[in-house]
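Tertiary structure, described
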Amino acid sequence: MTSSKLIPPYGGELINLLVPQEAVNELKSYASHLPSIQLTERQMCDLELLAVGAFSPLDRFMGQADHQHVLDDMRLISGHLFPIPVTLSVLPTPDIRLGQEVALRSRKNELLAIMKIEEMYEWDRDETAQKVFGTLDTHHPLVAEMYNWAPVNISGELRVLQLPPHYDFRDLRLTPAETRERLAAFGYENIVAFQTRNPLHRVHEELTKRAAEEVNGVLLLHPVVGMTKPGDVDHFIRVRTYRALTRNYYEDNRLLLSLLPLAMRMGGPREALWHALIRRNYGANHLIVGRDHAGPGKDASGRPFYGPYDAQEIVEKHSEELGVKMVPFRLVVYLPEEERYEEVSKISEGTPTLALSGTQVREEYLGNGKTLPGWFTRPEVATILADSYPPRHRQGVCIWFTGLSGAGKSTTADVLTVLLLEHGRQVTVLDGDVVRTHLSKGLGFSKEDRDINIRRIGFVAAEIVRHGGMVICAAISPYRATRNDVRNMVGSDNFMEVFVDTPLSVCEDRDTKGLYAKARRGEIKGFTGIDDPYEPPLNPELVLDTVGHIPEENAHIIVETLVKQGFVKNDA
């Protein structure tokens, strides 16, 4: 039973959408006759947290009124704060209609829930992006991803038969009710939650311990294991580090480690407020909020999407109403002469200090196979990260050529492949024309089909990179949003966009396939550069000039860049 010492769930009680176990078999039989909707990974995360009450008082994917209120006011129509839309988008079909019950299934076709469709409504991608994320820039991973979402949202009563199955760390996957029961047993009124999607180092350890002491309560270490920022360390590695730390360096009577299957939106300030709401439902009345909390990185112009303290300010502003106090993540450094950590604000000027940035950790230490220093991270964590994070020259990377037909993408890619083999890297080449023959046979040249083709190439490239391979992709890929979607699949740190900037007139003069001539005569419709637009990259990693430089020169420019970034060893 939940102790009265813990803050009650938001809205007064935890939503529970799971049907009684005795009704499951009958409903499974019934569902076998219903039309099915296969959920994406994000939708499955959302369904799971809806089902167990993590999004209380929300009890369904949002209907139109709730959705609009959330966009405009960060509230449900009930008046409760709710800053992030939680919706189920679908492609309309004759089976997907008002009043129809549908079976919601996993990507492996496992039956998860039954929904009665009570609402169907169109939603505006640009309005949602601008109001929720404050931008239309497709360098924002969610803005780019939203271009894949279907145009119609559905909503209605949910009966959840089972949660999406998880086979990893099952003892740590606690529902809000289970978490509350564990926290209540500690006997404290105050619970401070720590949101994390990264490995923990000594600074995090110090801050979380101090936060629990300051509020005289328990630390809920609550890492996200659903969907985080593209390119993040995977949750298997992260949870192993959390376990090592909590077993060896925290007091058992002041800590609970539990995993949160949340699909993050990287929504900055709004997301920080959402995290506070979610943690209240898990029993926390304090949340540690860091600088640029849930920030997605930098926009197309190289500037951060959100201010460093925007997230802290919005949580602080709504703290009294929500019942969750904001605990700022303070900047802490190591004092080598005293062998301890201290907040920067408490150190006198000139005091010797040590600190490492995330970039230094990745590039100077892990990327070069160097062991992280003991003052920075615990030896158990350092070992796990070293075993799981190969040196930079053994990491995967995607070199993505984009440009008009005839710009010189494939020719430069061919030369680059040979040069990389010479430097000892194994390379996979995904050429647009070759992929269309095999992976995308049957697709046309509509915008939808082109996007499908590029995303297929991107999916394969991301898998190659994830397993440490180097992949060269050469495809026109005319649309910025789709290219940025691929960037997010791969992860920005391991993605190099190469714009082969050849003028249209030069491409037409080359026209080795005679395609431009056919397009000019109207024999080919929707040809990029003629009657369909090409959207040049706004901030590519490299721009190649194929008029003043031959393919070999351009290929050497790319190799030199890869050497500087550490992806290729300079054996000269």
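Residues numbered from 1 in each chain as written. Predicted model: local features only at pLDDT ≥ 70, side-chain atom pairs only at ≥ 80, totals over all residues. Heavy atoms only, no water.

Under the criterion given, the structure shown has twelve aromatic pairs. Pairing W123 with W149 gives two aromatic rings, centres 5.9 Å apart and planes at 50 degrees, and the pair type is tilted. Pair noted here: W123 is in the loop between β5 (119–122) and α4 (125–133) and W149 is in the loop between α5 (141–146) and β6 (152–155), with a separation of 26 residues, a long-range link. By relative accessible area, W123 is classed as buried at 12%. Plain terms: the ring middles of F169 and F236 are 6.5 Å apart, the flat faces sit at 35 degrees to each other, and that makes the pair tilted. Pair noted here: F169 is in the loop between β7 (158–160) and α6 (176–186) and F236 is in helix α8 (residues 235–249), with a separation of 67 residues, a long-range link. (Phe/Tyr/Trp six-rings, centres within 6.5 Å; stacked < 30°, edge-to-face > 60°. Helix = DSSP H or I, 4+ residues; strand = E, 2+ residues; numbered from the N terminus. Buried < 20%, exposed > 50% of the residue type's maximum accessible area, 1.4 Å probe, protein only.)

All right, on to the pattern of salt bridges then. One pass over the structure, following the stated rule, counts 29 salt bridges. For E342, the salt bridge goes to R340, with nearest N and O atoms at 2.8 Å. With a relative accessible area of 34%, R340 lands in the partly exposed category. Between E523 and R521 there is a salt bridge, with its nearest N and O atoms 2.7 Å apart. R521 matches E523 in its accessibility class, with the two residues each being exposed. Shared partners join several salt bridges into a network, and the residues in it are E206, R210, E338, R340 and E342. (Salt bridge = Lys/Arg side-chain N within 4 Å of Asp/Glu carboxyl O.)

Direction vectors running N to C along helix α3 (residues 64–73) and α4 enclose 45 degrees, while the axes themselves pass 8 Å from each other. The angle between α3 and α4 falls in the class oblique. Contacts between α3 and α4 involve H67, Q68, L71 and D72 from the first element and E127, T128, K131 and V132 from the second. In terms of residue class, the contact of α3 with α4 is made up of two nonpolar, three polar and three charged. (Axes fitted to C-alpha atoms, helices over the stretch in contact; angles between N-to-C directions. Parallel < 35°, antiparallel > 145°, perpendicular 65-115°, else oblique. Contact = heavy atoms within 4.5 Å. Nonpolar A, V, L, I, M, F, W, Y, C, P; charged D, E, K, R; others polar.)

This part covers the environment of L515. Summarising the element assignment, L515 is placed in helix α19 (residues 515–520). Sequence separation between L515 and L88 is 427 residues, and the spatial gap between their C-alpha atoms is 41 Å. When residues no more than four places from it in sequence are discounted, the contact partners of L515 are S405, I524 and F527.

Bringing the nonpolar core into the picture now. Membership of the largest hydrophobic core comes to 77 residues, with the highest contact counts inside it found for F55, F61, F82, L104, M115 and L262. Not counting residues within four places of it along the chain, the set of residues in contact with L104 comprises I37, L39, F61, L88, E110, L111, L112, A113, M115 and L158. Membership of the second largest hydrophobic core comes to 39 residues, among which are V239, L255, I288 and W375. (Core = buried A, V, L, I, M, F, W, Y, C linked by side-chain atoms within 4.5 Å.)

Turning our attention to the sheet that holds strand β1 (residues 36–38). Strands sit in the order β1-β3-β4-β7 across an open sheet of four strands; the sheet is mixed. The strands lining the two open edges of the sheet, one partner per strand, are β1 and β7. This sheet shows a mean twist of 25 degrees between the axes of neighbouring strands, independent of strand direction. Here helix α1 (residues 21–31) sits on the sheet in contact with β3 (101–105), β4 (111–116) and β7, set at roughly 70 degrees to β4. Sitting on the sheet, helix α2 (residues 41–52) is in contact with β1, β4 and β7, with an inclination near 90 degrees to β7. (Pairing = 2+ DSSP bridges.)

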